[in-house]
Amino acid sequence: DPYRSSVTLTVNGTPHRLTLDNRTTLLDALREHLHLTGSKKGCDHGQCGACTCTVNGTRINTCLSLAVMHDGDRIETIEGLGSAQALSPMQQAFVARDGFQCGYCTPGQIQSACAVLEEIRANIPSHVTADLTAPVQITEAEIRERMSGNLCRCGAYANILAAIRDVAEAQA
Ligand code: FES
Ligand code: FES
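What you are looking at is a predicted structure, and each value in this text was computed from that prediction instead of being measured. Sequence order sets the numbering: in each chain, residues are counted from 1 along the sequence as written. Each chain takes a letter, starting from A, and each ligand takes a number, starting from 1, following the order in which they are written. Local features in this predicted model are restricted to residues of pLDDT 70 or higher, and side-chain atom pairs are both shown and tallied only at a pLDDT of 80 or more, whereas totals for entire chains, interfaces and linings draw on every residue.

(A) Summary view of the environment of arginine 74. The way it works is that DSSP assigns letters per residue, a run of H or I at least four long becomes a helix, a run of E at least two long becomes a strand, and they are numbered from the N terminus. Along the chain, arginine 74 falls in strand β5 (residues 74-76). The spatial distance from the C-alpha of arginine 74 to the C-alpha of valine 55 is 5.6 Å, given a sequence separation of 19 residues. Leave out the neighbours within four places in its chain, and arginine 74 touches Thr10 and Asn56. It is the C-beta atoms, placed from the backbone, that decide contacts: two residues are in contact if theirs lie within 7 Å.

Rendered as C-alpha cells:
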C-alpha cells in the first residue's frame, strides 16, 4: 500500500512501531493510535500550541508535522512529565499558581514552559534576545515572547507566567 508507512516513534522512552496512513499527523498518531490524549488538538493548524510536544529535545506543534517524518525520533508528551501521584515541578507550579481554567491549553503550556527554561539555559535566542552576544535573562518579557505560541482562550496568562517564574527562580 503506497499510502501507508511503518514508523517507529519512541514516546516517553517506549518505542512503538506503527503502520499509518502517510497523512497522519504526529498529533493524531499520539492521540488516536497510541491513545495518549494529553496533547490537545485546539486548531489543528499551528496557531494555538495546545498540541506542543518535544521531539528530540525541541518543542514543536505536533499538528503540523506528519508522523512518518519522525521515524526513530524521541518524543516527549505531557504523560511522560509526571503523574497525578507525582507531579513534576512545572505541573506543581501551575496548580499552586492556578495557571489554568478549563485546562485545555495546559498540557501544551506546560510542555512549552519546560522547553522555554531549557532554551534560556542553552542561550538559544528569541526575538527579545536578538543580540546573540547578550546573556539571556529570565525576564517577564523573555518568558512572554517565548510562550507566545501557546494561546489560552480562558486568559490565564498572568498565572501561567507566575508559575513559570516560580520554577525558573527555584532552578536558578
Ligand atoms: Fe496544533 Fe493548535 S492544535 S497548534
Ligand atoms: Fe482554558 Fe487555557 S485554561 S484555554
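(B) Inspection of unusual backbone geometry at higher detail. At asparagine 12, a position not held by glycine, the phi torsion is positive, near 50°. On the secondary structure map, asparagine 12 appears in the loop between β1 (4-11) and β2 (14-21). Unlike most non-glycine residues, histidine 35 shows phi in positive territory, near 60°. Mapped onto the elements, histidine 35 comes out in the loop between α1 (26-33) and β3 (52-55).

(C) Here's a closer look at the domain arrangement of the protein. Structurally, the protein comprises domain 1 (4-80) and domain 2 (89-171). For the domains described, the bounds stem from an automatic or database domain assignment. Here the C-alpha centre of domain 2 lies 22 Å away from the C-alpha centre of domain 1. Contacts between the two partners involve 13 residues from domain 1 and, on the opposite side, 11 residues from domain 2. With 3 residues, β3 is the single largest residue contributor to the side of domain 1 that touches domain 2. Charged residues are taken to be Asp, Glu, Lys and Arg, nonpolar residues to be Ala, Val, Leu, Ile, Met, Phe, Trp, Tyr, Cys and Pro, and polar residues to be all remaining types, Gly included. Broken down by class, the residue content of the side of domain 1 that touches domain 2 amounts to 5 nonpolar, 6 polar and 2 charged.

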